[in-house]
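# What the coordinates show
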Amino acid sequence: MASESSFDIVSKMDMQELTNAVNQAEREIENRFDFKGSKSSLKLDKDALVIASDDEYKLNAVIDILQTKMVKRGLSLKNVEYGKIEPASMGTVRQRLTLKQGIDQENSKKINILIRDSKLKVKSQIQGDQIRVTGKSKDDLQQIMQLLRKADLSLDLQFTNFK
């Protein structure tokens, strides 16, 4: 009974689901009456999303459509960081949305402090952009998961490799 149980805390965005959400948003923009003749577009890079449109109002409408599609596909909006709106070519505007992947150092420290303050018999280790939590009791590990789900953190957490 002395075996250790563990799980990893990660923060990743499912890129396949994001691609699907972007494709659905593009289709809706093509079909909507208020976007007829508009130069609105969404372009997915490796770690960012570039949205361009005729003006700020239409840009915000495109972002709203995208957010709706993301939520319907189970993607968290916490992992999206909005850049500033900047002018682009031919009188259009664009905005860069950065996709947060992994847990940064600052949030890792916050999570470790939350785990330590819980007074449960578990250990947590930062491993690059994820955190491994180990403990003898699986119940303690599940309590840590509940604690982190309720915590007000600036990113969406997933729990993987529960052994």
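Residues numbered from 1 in each chain as written. Predicted model: local features only at pLDDT ≥ 70, side-chain atom pairs only at ≥ 80, totals over all residues. Heavy atoms only, no water.

Glancing now at the overall build of the protein chain. Assigned secondary structure in the protein chain consists of four helices and nine strands. Along its sequence from the N terminus, the protein chain presents helices and strands in the succession β-α-β-β-α-β-β-β-α-β-β-α-β. Taken over C-alpha atoms, the radius of gyration comes to 20 Å for the protein chain, far larger than the 15 Å a tight globule of 163 residues would show. Here the C-alpha coordinates of the protein chain stretch approximately 65 × 25 × 25 Å along the principal axes. A burial count over the protein chain gives 39% of its 163 residues as buried. (Helix = DSSP H or I, 4+ residues; strand = E, 2+ residues; numbered from the N terminus. Rg over C-alpha atoms; globule rule 2.2 N^0.38 Å. Buried < 20%, exposed > 50% of the residue type's maximum accessible area, 1.4 Å probe, protein only.)

Attention now goes to a nonpolar patch on the surface. Side chains of Val-71, Leu-77 and Tyr-82 sit close together on the surface and give an oily, nonpolar patch of about 240 Å² of accessible area. Relative to the assigned elements, Val-71 resides in helix H2 (residues 56–72). (Patch = residues over 30% accessible without salt bridge, like charges linked within 9 Å, V, L, I, M, F, W, Y side chains within 5 Å. Areas by Shrake-Rupley, 256 points an atom, 1.4 Å probe, with all protein chains shown as cover. Salt bridge = Lys/Arg side-chain N within 4 Å of Asp/Glu carboxyl O.)

Helix length check: helix H1 (residues 15–31) (17 residues) gives 24 Å between terminal C-alpha atoms against 24 Å at 1.5 Å per residue, within 8%. The set of residues buried in H1 consists of Leu-18, Ala-21, Val-22, Ala-25 and Ile-29. In an axial view of H1, the angular spread of the buried residues amounts to 100 degrees, which keeps them on one side of the axis. In H1, the exposed residues that point more than 90 degrees away from the buried face are Gln-16, Glu-30 and Asn-31. Looking at the packing, one finds that the buried side of H1 touches strand E2 (41–44), strand E3 (48–53), H2 and strand E6 (93–99). (Expected span 1.5 Å × (residues − 1). Arc of directions from axis to C-beta. Contact = heavy atoms within 4.5 Å.)

Interface size is commonly expressed as the accessible area that is lost once the parts come together. When cut into domains, the protein chain gives domain 1 (5–12 + 102–160) and domain 2 (15–99). Each of domain 1 and domain 2 has a C-alpha centre, and the two are 32 Å apart. (Domains from an automatic or database assignment.)

The antiparallel open sheet is built from four strands, whose spatial order is E7-E8-E1-E9. Every other strand in the sheet has two partners, leaving strand E7 (122–127) and strand E9 (158–160) as the edge strands with one partner each. In this sheet, neighbouring strand axes are inclined to one another by 25 degrees on average, regardless of whether the strands run parallel or antiparallel. Where strand E1 (residues 5–10) meets strand E8 (residues 130–135), five bridges bridge the pair, whose relative direction is antiparallel. Residue pairing for E8: Ser-6 is matched across the bridge by Thr-134. Sheet strands in contact with helix H3 (residues 105–117) are E1, E7 and E8, and its direction is about 175 degrees off that of E7. (Pairing = 2+ DSSP bridges. Axes fitted to C-alpha atoms, helices over the stretch in contact; angles between N-to-C directions.)

On to H3, then. With 13 residues, H3 extends 18 Å between its outermost C-alpha atoms, agreeing within 8% with the 18 Å of an ideal straight helix rising 1.5 Å per residue. Of the residues making up H3, those classed as buried are Asn-107, Ser-108, Ile-111, Asn-112 and Ile-115. Down the axis of H3, the buried side of the element spans an arc of 140 degrees, and every buried residue falls inside it. In this structure, H3 carries Glu-106, Lys-109, Arg-116 and Asp-117 as exposed residues pointing more than 90 degrees from its buried face. Residues of H3 that are buried in the fold lie against E1, E7, E8 and helix H4 (138–150). Taken from the residues just after H3, Lys-119 is the one with a positive phi, measuring 65 degrees.

Another aspect to go through is unusual backbone geometry. Notably, Met-90 is not glycine yet its phi reads approximately 55 degrees, a positive angle. On the secondary structure map, Met-90 appears in the loop between strand E5 (86–87) and E6. You will see that Lys-119, though not glycine, has its phi angle at about 65 degrees, which is positive. The exposed category is assigned to Lys-119, whose relative accessible area is 71%.

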